[in-house]
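Now for the letters of each chain:
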Amino acid sequence: MQENFLKSLDKVLKHEGGYVNHPDDPGGRTNMGITQAVYEKYIGRSVTEQEMKDMKIGDVRLIYRENYWDRIKGDDLPNGIDFCVFDWAVNSGVSRASKALQKIIGVKDDGVIGPITVKETYKCDSEKVILNLTEARKDFYQRLSTFDTFGKGWLRRNDETCSFGLELQSGECS
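Along each chain, residues carry numbers from 1 onward, in the same order as the chain's sequence is written. Selection of residues for local features in this predicted model requires a pLDDT of at least 70, selection of side-chain atom pairs for listing and counting requires 80 or more, and totals for whole chains, interfaces and linings are taken over all residues. To get the side-chain values, take all heavy atoms of the structure and skip hydrogens and water.

*Asks:* Go over the overall build of the chain, please, and point to the residues and values.
*Replies:* If you tally the helices and strands in the chain, you get nine helices and two strands. Reading the helices (α) and strands (β) of the chain from amino to carboxyl end gives α-β-β-α-α-α-α-α-α-α-α. We compute the radius of gyration over the C-alpha atoms and compare it with the globule rule, which gives 2.2 Å times the number of residues raised to the power 0.38. For the chain, the C-alpha radius of gyration of 16 Å lies close to 16 Å, the compact-globule estimate for 174 residues. With respect to the principal axes defined by its C-alpha atoms, the chain has extents near 45 × 35 × 30 Å. Buried residues in the chain amount to 43% of all 174 residues. Throughout, a residue-residue contact means that at least one pair of heavy atoms, one from each residue, lies within 4.5 Å. Sequence separation of 24 or more characterises 58% of the internal contacts of the chain that already satisfy a separation of 6 or more. Surface exposure here means Shrake-Rupley accessible area, sampled with a 1.4 Å probe, where a residue is shielded only by the protein chains that are shown. Accessible area of the chain: about 9100 Å², with a carbon and sulfur share of 48%. Positive charge is attributed to Lys and Arg, negative charge to Asp and Glu, and no charge count is given to His or to the chain ends. Charged side chains are reduced to one point each, which is NZ for Lys, CZ for Arg, CG for Asp and CD for Glu. Averaging the positions of the 25 positive and the 28 negative side-chain charges in the chain gives two centres separated by 2 Å. A run of H or I in DSSP counts as a helix once it spans at least four residues, and a run of E counts as a strand once it spans at least two, with each numbered from the N terminus. Only protein chains enter the calculation, and the probe is 1.4 Å; a residue is then buried if its accessible area is under 20% of its type maximum, exposed if over 50%, and partly exposed in between.

What follows is the structure, encoded as structure tokens:
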């Protein structure tokens, strides 16, 4: 839902943290969850490590809005599902998160959320969709070669995403 973007972004930013450059992370330099490649594409040029560290929150909000929330149709999805798909899209890609939702609700899993996906999502039990997304995400993580390094954090994030998604879905989150 449209009103959920800022609440969802706050949660994503807590999950993502600040600047990191972990040698086992294929994303390389990352700040507030934005990889260097994404940031460079956004501003249209190469950036230095210092520029990555100094990334402006206004840019971060726009990148998350345009590259993730808008692409998963966050304004149009039901409460809770919007956040769960958004958080997974940020962490593992828009197409992967979109395909997972589409498989769960039984529509063609082309990785692009459009009007059919949105419409069919409203015909489903949101709580079940959130729980199924959580399970699918856990299964995905456990198959990754970097699970031994990052798995504990990914699973914690997945559980926290599920909990917050269920709060949004039930209307308990203000």
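*Asks:* Which residues make up the pattern of salt bridges, and what values go with them?
*Replies:* Should a side-chain nitrogen of Lys or Arg be within 4 Å of a carboxyl oxygen of Asp or Glu, the pair is scored as a salt bridge. Per the counting criterion, the structure on display carries 10 salt bridges. Between Glu16 and Arg157 there is a salt bridge; the shortest N-O distance is 2.8 Å. Of this pair, Glu16 sits in helix α1 (residues 5-16) while Arg157 sits in helix α9 (residues 147-170); the two residues are 141 residues apart in sequence, bridging distant segments of the chain. Salt-bridge contacts for Glu120 lead to Lys123; the nearest nitrogen and oxygen are separated by 3.0 Å. Judged by its relative accessible area of 57%, Lys123 is exposed. Sharing partners across several salt bridges, the network here consists of Glu16, Asp87, Arg137 and Arg157.

*Asks:* Requested: an account of the packing of aromatic side chains, with residues and values cited.
*Replies:* In this description, a pair of aromatic rings is defined by centroid distance and the angle of the planes. Each aromatic pair joins two rings of Phe, Tyr and Trp (for Trp, the six-membered one) with centres within 6.5 Å, and gets the label stacked for planes under 30 degrees apart, edge-to-face for over 60, and tilted for any other angle. Scanning all chains against the criterion turns up 10 aromatic pairs. The interplanar angle of 45° and the centroid separation of 5.6 Å between the aromatic rings of Tyr64 and Tyr68 together place this pair among those described as tilted. Pair noted here: Tyr64 and Tyr68 are both in helix α4 (residues 57-69), with a separation of four residues, about one helical turn. The residues Tyr64 and Tyr68 share a single accessibility class, namely buried. The rings of Phe5, Tyr64, Tyr68, Trp69 and Phe86 are connected pair by pair, giving a single aromatic cluster. The ring of Phe5 is capped by Arg65, whose NZ or CZ atom sits 4.9 Å from the centre of that ring. Two conditions define a charge located above a ring, namely a distance within 6 Å from the ring centre to NZ of Lys or CZ of Arg, and an angle within 35 degrees of the ring normal.

*Asks:* Provide a residue-level description of the state of the cysteines, including the pertinent values.
*Replies:* Only a pair of cysteine sulfur atoms within 2.5 Å counts as a disulfide in this structure description. All chains considered together, the criterion is met by zero disulfides. Counting only cysteine sulfurs, Cys162 is the nearest neighbor of Cys84, a cysteine outside any disulfide, at a range of 6.2 Å.

*Asks:* Before we move on, can you summarise α1 with the specific residues and values?
*Replies:* The span you would expect from a helix comes to 1.5 Å times its residue count less one. The end-to-end C-alpha distance of α1 is 16 Å, a good match for the 16 Å that 12 residues give at a rise of 1.5 Å each. Listed in full, the buried residues belonging to α1 are Phe5, Ser8, Leu9, Val12, Leu13 and Glu16. All buried residues of α1 project into a common sector of 135° when viewed along the axis, lining one side. Tucked inside the fold, the buried residues of α1 contact α4, α5 (81-92) and α9. Following α1 by one or two positions, Gly17 adopts a phi angle in the positive range, close to 75°. The arc under discussion is defined with respect to the helix axis, by the directions toward the C-beta atoms.

*Asks:* So what about α9? Which residues, and what values?
*Replies:* A residue's bend is the angle separating two fitted axes: one through the seven residues that end there, the other through the seven that start there. The sharpest bend along α9 reaches about 25° and sits at Gly153. What α9 keeps buried is the set Phe150, Gly151, Trp154, Arg157, Asn158, Thr161, Cys162, Phe164, Gly165 and Leu168. Directly beyond the C-terminal end of α9, a positive phi value near 85° is found at Gly171.

*Asks:* Describe in detail the nonpolar core, supporting the description with residues and values.
*Replies:* Residues grouped as a nonpolar core are buried Ala, Val, Leu, Ile, Met, Phe, Trp, Tyr and Cys residues, joined through side-chain atoms within 4.5 Å. Residues Tyr64, Tyr68, Val85, Phe86, Leu101 and Leu133 are the most contacted members of the largest nonpolar core, which totals 44 residues. With eight residues, the top contributor of residues to this core is α5.

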